[in-house]
Amino acid sequence: MTGQTAPAQPGAQISVDVPAKINPHLGVGDARADGYHALSTVYQAISLHDTVTAERRGEPGIEITISGEGAATLPTGEANLAHKAAKLIALYAGIEPDVKLHLTKRIPVAGGLAGGSADAAGALIACARLWEVEIGDAELERLAAGLGSDVPFCLKGGTAIGSGRGEELTPVAAKGTWHWVVATTDTQISTPECYKEVDRLREDGIGRYSSDVGPLVKAFEAGASADDLARLLINDMEAAAVSLRPQLASLMHGGLEEGALAAHVSGSGPTVLFLATDVKHAVALARRIRMRGGAKSVHLAHGPVNGPAA
């Protein structure tokens, strides 16, 4: 089939909803020989999601359009991970790609919530279904890992331990639902920039590798209360993110003063997560954080949620 266009009718559509992820535990080790840092993390999918819609173009090529939160800031060409994903699944199938991808963005952009990785995962699934590609879960995950460390988890959803550079997954049977307030900011931090700052701070004796995910995993498996969970949240990148963008400290402290059980930078930032007791507390906390100012936007979310759904 190499070089041939996949069988299907122009105009056919597949839509896939893909959730954001958070890292309730993010342990960052030393840089490896391949340039990546060793990670010991716990992923959880939350109820903010993007929608990836794949449609046959009727002619060769990959076209991307984007709407929603942060759409104007995102590339629509080969630099977009969803474009790379479509190209990769076509290469795997030995077909000429002919797809229009529309990304409906609800996950905050460049916020440590894996919005780009979620879109890539959605594009893998949508294009595979659109082109009727026969591919097993293991092969799909292998392709996902080639696109980025977070993409394999974005295919799965739920809760999982991530090791290696984050792409090696072990499912966690979390029993319960936890509620978050997600606050975005006007600033941006690139992930490579944050990793470099982690390394720099450690050279100065600031920070260490939090490799033990056991206590948090046990808490999720036991359905721990939000109060108990709050004491177990860890992000080794937080000090680096705050060093690069000191205003994040003010936002976190403000949320704690308004009653959040915990406040942490999400991934490499600059989004901040606030843990709430329950949905009622989350609604009230979100309102107080909005009134206080300092956040660009404030969202309610809960987790864990299932992975991509068509």
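Residues numbered from 1 in each chain as written. Predicted model: local features only at pLDDT ≥ 70, side-chain atom pairs only at ≥ 80, totals over all residues. Heavy atoms only, no water.

## Quick look at the overall build of the protein chain
- When you go through the protein chain residue by residue, the secondary structure sums to 10 helices and 13 strands.
- When the 310 residues of the protein chain are sorted by exposure, 53% land in the buried category.
- Taking the intrachain contacts of the protein chain between residues at least 6 apart in sequence as the baseline, contacts between residues at least 24 apart amount to 77%.
- Surface accessibility of the protein chain: about 13300 Å² in total, with carbon and sulfur atoms responsible for 50%.
- Distance between charge centroids for the protein chain: 4 Å, based on 27 positive and 35 negative side chains. (Helix = DSSP H or I, 4+ residues; strand = E, 2+ residues; numbered from the N terminus. Buried < 20%, exposed > 50% of the residue type's maximum accessible area, 1.4 Å probe, protein only. Contact = heavy atoms within 4.5 Å. Areas by Shrake-Rupley, 256 points an atom, 1.4 Å probe, with all protein chains shown as cover. Lys, Arg positive; Asp, Glu negative; His and termini not counted. Charge placed at Lys NZ, Arg CZ, Asp CG, Glu CD.)

## Thoughts on the pairing of strand 9 (residues 178–184)
- Burial analysis of strand 9 places 7 of its 7 residues in the buried class, which makes it a mostly covered element.
- Of the two faces of strand 9, both are covered, the one formed by W178, W180, V182 and T184 as well as the one formed by H179, V181 and A183.
- By the bridge criterion, 7 bridges tie strand 9 to strand 13 (residues 297–303) in an arrangement that is antiparallel. Following the sheet pairing, V182 is matched in strand 13 by H299.
- Direction of pairing for strand 9 relative to strand 12 (residues 272–276): antiparallel, over a ladder of 5 bridges. Counted as the bridge partner of V182 is L273 from strand 12. (Pairing = 2+ DSSP bridges.)

## A closer look at the packing of aromatic side chains
- Applying the stated criterion across every chain yields a total of 2 aromatic pairs.
- On the basis of an interplanar angle of 75° and a centroid distance of 4.9 Å, the ring pair of W178 and F220 is categorised as edge-to-face. Of this pair, W178 sits in strand 9 while F220 sits in helix 6 (residues 214–222), placing them 42 residues apart in sequence.
- We classify W178 as buried; its relative accessible area is 3%.
- Across from the ring centre of Y36, 4.8 Å away, lies the NZ or CZ of R165, which sits over that ring. (Phe/Tyr/Trp six-rings, centres within 6.5 Å; stacked < 30°, edge-to-face > 60°. Lys NZ or Arg CZ within 6 Å of the ring centre and 35° of its normal.)

## Observations concerning helix 5 (residues 191–203)
- In this model, helix 5 (13 residues) spans 19 Å end to end at C-alpha, consistent with the 18 Å of a helix rising 1.5 Å per residue.
- Along helix 5, the residues that are buried comprise C194, Y195, E197, V198 and L201. The arc that holds every buried residue of helix 5, seen down its axis, measures 160°, which confines them to one face. Turned more than 90 degrees away from the buried face of helix 5 sit P192, K196 and E203, all of them exposed.
- Of the surrounding elements, those touching the buried residues of helix 5 are strand 2 (13–31), strand 3 (37–56) and helix 8 (238–244).
- For helix 5, the N-terminal capping position is held by S190, with its side-chain oxygen 3.1 Å away from the main-chain nitrogen of E193.
- One or two positions beyond helix 5, positive phi appears at G205, with a value near 85°. (Expected span 1.5 Å × (residues − 1). Arc of directions from axis to C-beta. Polar contact = N/O pair within 3.5 Å; in protein donor to acceptor, adjacent residues only side chain to side chain.)

## Overview of unusual backbone geometry
- Put simply, G269 and P270 share a cis peptide bond, and its omega is 10°.
- Along the chain, G303 connects to P304 via a cis peptide bond; the corresponding omega equals 5°.
- Secondary-structure assignment places P304 in the segment after strand 13.
- You will see that A114, though not glycine, has its phi angle at about 65°, which is positive.
- Secondary-structure assignment places A114 in the loop between strand 6 (98–105) and helix 2 (115–130).
- A114 sits in the buried class, given a relative accessible area of 12%.
- Its identity as a non-glycine residue notwithstanding, E132 has a phi of 55°, on the positive side.

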